Amino acid sequence: MECYLETERLTLRRFSADDLDLLADLDSDPEVMRFLTGQPTPRDEVEKVVLPGILRMYDEHPGLGTFAAEQKVDGAFVGWFGLQPTREPATVDVGYRLNRTAWGKGYATEGTKALIDKAFGELGLDKVVADTMAVNHRSRAVMRRSGLRFVRIFHEHFDDPLPGSEFGEVEYAVDRRTWEAGRRA
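These figures come from a predicted structure and were not determined experimentally.

S.K.: Go over the side chain of arginine 13, please, and point to the residues and values.
M.R.: Tracing the sequence through the fold places arginine 13 in strand S2 (residues 10–14). Separated by 2.9 Å, the side chains of arginine 13 and glutamate 70 make a polar contact.

S.K.: Describe the packing of aromatic side chains, listing the residues and the values that go with them.
M.R.: The way to describe two aromatic rings as a pair is by their centre distance and the angle between their planes. Using the criterion set out here, one finds 6 aromatic pairs in the structure. A ring pair is formed by tyrosine 58 and phenylalanine 67, whose centres lie 5.5 Å apart and whose planes are at 35°; its orientation type is tilted. Look at phenylalanine 67 and you get buried, because its relative accessible area is 1%. Seen in terms of ring centroids, phenylalanine 150 and tyrosine 172 are 5.6 Å apart; in terms of plane orientation they differ by 75°. Their pairing is edge-to-face. Here phenylalanine 150 is found in strand S7 (residues 149–154), whereas its partner tyrosine 172 is found in strand S8 (residues 169–175), with 22 residues between them in sequence. For phenylalanine 150, a relative accessible area of 43% translates into the label partly exposed. Tyrosine 172 gets classed as buried once you look at its relative accessible area, which sits at 2%. The rings of Tyr4, Tyr58 and Phe67 are connected pair by pair, giving a single aromatic cluster. Residue placement shows lysine 118 over the ring face of tyrosine 4; its charged tip is 4.3 Å from the ring centre. A cation sits over an aromatic face here: arginine 152 above phenylalanine 154, 4.3 Å from the ring centre.

S.K.: Can you lay out the packing of helix H3 (residues 107–120) against helix H5 (residues 176–184) for me, pointing to particular residues and giving the numbers?
M.R.: Packing of H3 against H5 brings their axes to within 11 Å, and their N-to-C directions diverge by 115°. One way to sum up the angle between H3 and H5 is to call them roughly perpendicular. As for how H3 packs across H5, the hand of that crossing is left-handed. Between H3, through Ile116, Asp117 and Phe120, and H5, the contact on the second element is made entirely by Arg176, Trp179 and Arg183. Partitioning the contact of H3 with H5 into residue classes produces 3 nonpolar, no polar and 3 charged.

S.K.: So what about the layout of surface pockets? Which residues, and what values?
M.R.: There is about 1,300 Å³ of room inside the largest pocket. Around the largest pocket sit 45 residues that line it, and Leu36, Tyr96, Thr132, Asn136 and Ser139 are the ones nearest its centre. When residues of the lining of the largest pocket are traced back to their parent elements, those giving at least two are strand S4 (77–85), strand S5 (91–98), H3, strand S6 (127–133) and helix H4 (137–145). Counting residues per element, the lining of the largest pocket draws most heavily on H4, at 7 residues.

Rules used in this analysis
- Residues numbered from 1 in each chain as written.
- Predicted model: local features only at pLDDT ≥ 70, side-chain atom pairs only at ≥ 80, totals over all residues.
- Heavy atoms only, no water.
- Helix = DSSP H or I, 4+ residues; strand = E, 2+ residues; numbered from the N terminus.
- Polar contact = N/O pair within 3.5 Å; in protein donor to acceptor, adjacent residues only side chain to side chain.
- Phe/Tyr/Trp six-rings, centres within 6.5 Å; stacked < 30°, edge-to-face > 60°.
- Buried < 20%, exposed > 50% of the residue type's maximum accessible area, 1.4 Å probe, protein only.
- Lys NZ or Arg CZ within 6 Å of the ring centre and 35° of its normal.
- Axes fitted to C-alpha atoms, helices over the stretch in contact; angles between N-to-C directions.
- Parallel < 35°, antiparallel > 145°, perpendicular 65-115°, else oblique.
- Left-handed = near helix turned anticlockwise from the far one by under 90°.
- Contact = heavy atoms within 4.5 Å.
- Nonpolar A, V, L, I, M, F, W, Y, C, P; charged D, E, K, R; others polar.
- 1 Å grid on protein atoms, 1.4 Å probe; cavity = no way out; pocket = protein on both sides within 12 Å on 5 of 7 lines; lining within 4 Å.
- Points joined across faces, edges and corners; volume = space filled by probe spheres on them.

No statement about biological role is implied by the geometric values presented.
If you want it as C-alpha cells, here you go:
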C-alpha cells in the first residue's frame, strides 16, 4: 500500500476494500464510539456506508481523507487519522479514531501534529480545525498538544443526545500564520 504519511512510529496509508474487518472492529468498541455516536457502529453500516464513503473521498478530494494508521515496528493497525474538507475554503478538519490498545501512547498527538504539518506544508492550506464534545477531555488535550487552540463552545440539537452533550461541543483551530510562527520559535 502506498504511504500517505510517516511519523516517528506510524505509517498512514489509504484504506482499501480489504480493510473492512479493521474498521468494523474499531467501530464495534463502545468505548471508542463513546463521544461519537455513543454506541458501536453495525458492521453492515461500516460495509455499506462508512468504508465506501472513505474510499470515495480519495477521488473527490485528492490529498484529503481518512487514512489507516499502522505501527512501523510491526504493522499493527492502531486506528485512523483524517483530514476532511470543510465548507470554508482552504480549511480542513483534523480527526482520529484509535483502538483502545493504542490509547495513552502518544499516537493521537503524533499523528495529529503530522497531519497539521502536512496540511500547511505540502497541501498549502490556510486553517486546520477540530471539534469534540466539551466533556471529551482526552481529545481536547490531544488538540492542545498538537498546536490547536481553543476557539469556542457551541451547542447543537441532537434528537438522541449523548450523556454530556448538554455541555456543548468545542472547536479548536490553528491558522497558517500561527503554525509558521510556532515552527520558527
